[in-house]
Number of protein chains: 2
Amino acid sequence: MNIDKISDIIIGRLPIYLRALQRMAERGLRTVSSQELGEMVGISAAQIRKDISQFGEFGKQGTGYSISFLIERLRAILKVERIWDVAVIGAGDVGHALARYQGFVNRGFRVSMVFDSDPQKIGQKIDAFIIQDLARMVEMIRSADIKIAMMTVPAAAAQEVADKLVQAGVKAILNYAPINLNVPPDVRVQYIDPATHLQRMTYYL
Amino acid sequence: MNIDKISDIIIGRLPIYLRALQRMAERGLRTVSSQELGEMVGISAAQIRKDISQFGEFGKQGTGYSISFLIERLRAILKVERIWDVAVIGAGDVGHALARYQGFVNRGFRVSMVFDSDPQKIGQKIDAFIIQDLARMVEMIRSADIKIAMMTVPAAAAQEVADKLVQAGVKAILNYAPINLNVPPDVRVQYIDPATHLQRMTYYL
């Protein structure tokens, strides 16, 4: 099957598999069955076998999957066998947390710029980063050819900032502002909003 | 249709609708069509009508939905017409950001306790919160009858902390640690992991 045709739902599960596999590799494990992987990620073994079979023949009946081989293939499919530069827009609490987060690099990402519009923050440091002026964002992102941004700006500013990111050539936005963004069809947006996640659980309480 | 039978996929969309509707209400709007709401949240009007019809008769052909009525109903269905106390476990960068976040209260939540195991952090303040000793977590959460926790601990500690949360009576965990948790079937877990979200987008770059 053509990898381009893999459904977005399957693609959404691949990073979960990759994360679990990387954790197993760190523990020194070498092979895993679909059953074991399934228990680790809370997805049925049959679903995992089906998902993985979408992009080729892996594993043998009874011996399980080679963890390192599966990691390699998943990283290639998800295009994280390289390191992507990421811009952080908004140097508030969440922006700080993202700029300082140590968990990105072994998963394919590196924060390389942080922007804010607050004159009191511009020029200040977050560890090694100097907070840059939002007014220079389009120019700086474009000249560095950055394709990915994480937005931690207030909801009221989010659409305007997103428009500028699109103008700068960004194609993937992880949006922490609690608002849906309108972007052209060739730009992907993912949302992180803790209150939305919490509300999804309170229904069941 | 019995509300208990609404599928988890639909439940997952309701907080998105609610967020958009609350934003419209703040702007002073009073009615909205499924078309308009759909454009705002990136979901088809037909899907929205179908989702909303699962829990009763709303709106009239041609006049759209009453925003305030729909907000009221969604809040009742999601059980956020009240305020839930939430414990934050882990007082690192993300824990700080969550403890200080102003956006929870109008969406049904209030951080009421923050825990950490680091002796240098215990007793310190985050705004009005005094960071409590993780060793006292089970007892304090249980006696305050807290049902919801946000976990921002390192991956290596996450399962152990989750086990203690379950022991304390927590039924909903928002997990920021990049690891899948094993919990009993009556406990819900949602995950926030920016690298996973980013990897889901790099596939398309």
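Refer to the preceding data block for the structure.
What counts as what
- Residues numbered from 1 in each chain as written.
- Chains lettered and ligands numbered in written order.
- Predicted model: local features only at pLDDT ≥ 70, side-chain atom pairs only at ≥ 80, totals over all residues.
- Heavy atoms only, no water.
- Least-squares fit on C-alpha atoms with pLDDT ≥ 70 in both.
- Contact = heavy atoms within 4.5 Å.
- Buried < 20%, exposed > 50% of the residue type's maximum accessible area, 1.4 Å probe, protein only.
- Helix = DSSP H or I, 4+ residues; strand = E, 2+ residues; numbered from the N terminus.
- Pairing = 2+ DSSP bridges.
- Salt bridge = Lys/Arg side-chain N within 4 Å of Asp/Glu carboxyl O.
- Buried area = accessible area lost by both parts, 1.4 Å probe.
- Polar contact = N/O pair within 3.5 Å; in protein donor to acceptor, adjacent residues only side chain to side chain.
- Nonpolar A, V, L, I, M, F, W, Y, C, P; charged D, E, K, R; others polar.

Asks: Explain the relation of the copies chain B and chain A here, please?
Replies: Copy one and copy two of the chain differ by a rotation about a common axis and a shift along it. For the pair chain B and chain A, the relating rotation is 180°, the translation along its axis is 0.0 Å, and the fit reaches an RMSD of 0.0 Å. The transformation just described matches what one would write down for a two-fold rotation axis. Interface overlap between copies is the fraction of interface residues in one copy that are interface residues in the other; for chain B against chain A it reaches 100%, indicating a shared surface.

Asks: When you look at the pairing of strand S8 (residues 148–151) of chain B in this model, what are you seeing that I'm missing?
Replies: On any regular strand, side chains alternate: one points to one face of the sheet, the next to the other face. Residue and element names in this part refer to chain B. In S8, alternate side chains face the same way, and those of Ile148 and Met150 on one face and Ala149 and Met151 on the other are all buried. As paired strands, strand S3 (residues 84–89) and S8 are joined by four bridges and run parallel to one another. Of the residues in S8, the one forming a bridge with Val88 is Met150. As defined by bridge partners, S8 adjoins strand S9 (residues 172–175) across four bridges and the pair is classed as parallel.

Asks: Which parts of the structure should I look at to understand the pattern of salt bridges?
Replies: A side chain with one charge can pair with a side chain of the opposite charge if their charged atoms come near. Enumeration over the complete set of coordinates arrives at 25 salt bridges over all chains. Put simply, A:Glu139 and A:Arg136 hold a salt bridge, and the shortest N to O gap is 3.0 Å. By relative accessible area, A:Glu139 is classed as partly exposed at 45%. Three or more residues joined by partner-sharing salt bridges are found here, namely A:Asp8, A:Arg188 and B:Arg200.

Asks: Looking at this structure, I do not really get the interface of chain B and chain A. What am I missing?
Replies: By a frequent convention, interface size equals the accessible area lost on bringing the separate parts together. Contact residues are listed per partner, giving 62 residues for chain B and 63 residues for chain A. Of the roughly 5900 Å² buried where chain B meets chain A, counting both sides, 60% is carbon and sulfur surface. On the surface where chain B and chain A come into contact, there are eight salt bridges. One salt bridge connects B:Asp193 with A:Arg107, and the closest N-O pair in it is separated by 2.9 Å. Taken together, the connections running from chain B to chain A amount to 24 residue pairs in polar contact (both at pLDDT 80 or more). Only helix H1 (8–26), helix H2 (34–41), helix H5 (93–100), S8, helix H7 (155–167), S9, strand S10 (188–191) and helix H8 (194–202) of chain B provide two or more residues apiece to the side of chain B that touches chain A. Sorting elements by how many residues they give to the side of chain B that touches chain A places H8(B) first, with nine residues. Taken together, the residues that form the side of chain B that touches chain A break down as 39 nonpolar, nine polar and 14 charged.

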